[in-house]
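Residues per chain are reported as follows:
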Amino acid sequence: MSNPADRPVPQHVAIIMDGNGRWANARGLPRTLGHRKGVEVVRDTVKTAREAGIGYLTLFAFSSENWRRPQAEISELFGLLKAFVRRDLAELHAANVRIRVIGDRVTLQPDIRTLLLEAEERTAANSGMTLVIAFNYGARDEIARAAARLALDVREGRLDPSEIDAEKLNGSLDTAGMPDPDLIIRTSGEERLSNFLLWQAAYSELMFVPDFWPDFSAELFLSVLDRYASRDRRFGGLSTKPMAAVGL
Ligand code: FPP
């Protein structure tokens, strides 16, 4: 592994935490235990990300499609998020972490809405890493809500349609003000984005690791960051890396 001091660190890492259910099944355990172990890994991952100097860490905790799961599993995931915020908020705040939540909150129960809002408000002035929790999040839904916001601005005379461009739409997304993810990681071997940050992923590096989320250790995270450091990001332009550094 290269020296952490000299490798480019992604400013924003987003993670699709997949495989909790399969991790549990492989051990003859109920799926809920996979999710519980998953929360422990969330804690370790936040710590590793902070120590690595990552500015934004986005975690896909509940998708707008997860409502298709059995009610008991949905309740478990909601319960785990609430417990995480209640238990870990003080520690995250003390560590100067800012919390932001993306996703559709309008359809959530008032108690969870209040909890998420309180977590955001209490940590809003923090200047360390931003932990972005994607909850009841779906990228197509996010883009549609952004379009609706712009349409409302047009209808109410605050915006002319000719002013609508990529920057305007970007600024109407839940992620307004955040940098796009430099790196998106998905665990469990599945190789797709599953409606996660579709707009923001335009130039993201994608990394798929075979391990289930409960097995995503700090060592594995650091090895993924190492692999990221060797990628040649061009954003449609030309390489600025020497040929040897990109394996040619
Ligand atoms: C995917 O595994 C994981 C989820 C749908 C939920 C992820 C949630 C957590 C790790 C806990 C809550 C999060 C926070 C931030 C406190 P899966 O159930 O789809 O696994 P499978 O594909 O093996 O069935």
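Residues numbered from 1 in each chain as written. Predicted model: local features only at pLDDT ≥ 70, side-chain atom pairs only at ≥ 80, totals over all residues. Heavy atoms only, no water.

Considerations on the sheet that holds strand β2 (residues 56–63)
With parallel pairing, the six strands of this open sheet are ordered in space as β3-β4-β2-β1-β5-β6. Whereas interior strands pair on both sides, the edge strands pair on one side only; in this sheet they are β3 (98–102) and β6 (205–208). The average angle at which neighbouring strand axes cross in this sheet is 20°, direction not considered. Inspection of the sheet shows β2 paired to strand β4 (residues 130–137) by seven bridges, in the parallel sense. Bridge assignment links L57 to a residue of β4, and that residue is L131. (Pairing = 2+ DSSP bridges. Helix = DSSP H or I, 4+ residues; strand = E, 2+ residues; numbered from the N terminus. Axes fitted to C-alpha atoms, helices over the stretch in contact; angles between N-to-C directions.)

Some thoughts on the pairing of β6
Across the two faces of β6 the burial differs, with E205 and M207 buried and L206 and F208 not buried at all. Here four bridges tie strand β5 (residues 183–186) to β6, and the two strands are oriented parallel to one another. Residue pairing in the sheet places I184 in a bridge with L206 of β6. (Buried < 20%, exposed > 50% of the residue type's maximum accessible area, 1.4 Å probe, protein only.)

Some thoughts on the packing of aromatic side chains
Under the defined criterion, the tally for this structure stands at 10 aromatic pairs. Seen from their ring centres, F60 and F196 are 4.4 Å apart, and the 10° between their planes marks the pair as stacked. Of the two residues, F60 sits in strand β2 while F196 sits in the loop between β5 and β6, which places them 136 residues apart along the sequence. Classification of F60 as buried rests on a relative accessible area of 10%. You can call F196 buried: its relative accessible area is 0%. (Phe/Tyr/Trp six-rings, centres within 6.5 Å; stacked < 30°, edge-to-face > 60°.)

Let's talk about the packing of helix α2 (residues 31–52) against helix α7 (residues 218–229)
Between α2 and α7, whose axes approach to 10 Å, the crossing angle comes to 40°. Of the possible angle classes, the one that applies to α2 and α7 is oblique. Between α2 and α7 lies a crossing whose hand is right-handed. Of the residues in α7, those touching α2 at T45, T48, A49 and A52 are A218, F221, L222 and L225. Each residue belonging to the contact of α2 with α7 can be placed in one class, and the counts come to six nonpolar, two polar and no charged. (Parallel < 35°, antiparallel > 145°, perpendicular 65-115°, else oblique. Left-handed = near helix turned anticlockwise from the far one by under 90°. Contact = heavy atoms within 4.5 Å. Nonpolar A, V, L, I, M, F, W, Y, C, P; charged D, E, K, R; others polar.)

Describing the environment of N195
Tracing the sequence through the fold places N195 in the loop between β5 and β6. It is 9.0 Å that separates the C-alpha atoms of N195 and S64, two residues lying 131 residues apart in sequence. Every residue in contact with N195, bar those within four places of it in the chain, is listed here: F60, S64, E65, Y137, G138, A139 and R140. Side chain to side chain, N195 and E65 meet in a polar contact 3.3 Å long. (Polar contact = N/O pair within 3.5 Å; in protein donor to acceptor, adjacent residues only side chain to side chain.)

Considering the UniProt feature "binding site: Mg(2+)" (unreviewed entry) in the protein
The residues that UniProt annotates with the feature "binding site: Mg(2+)" (unreviewed entry) are D18 and E205. Mapped onto the elements of the fold, D18 is located in the loop between β1 (12–16) and α1 (20–25). Dropping the residues within four chain positions of it, D18 is found in contact with R186, T187, S188, E190, F212 and W213. For D18, the side chain forms a polar contact with the side chain of R22, separated by 3.3 Å. Tracing the sequence through the fold places E205 in strand β6. (UniProt positions renumbered as here; feature names shortened; annotations may be inferred.)

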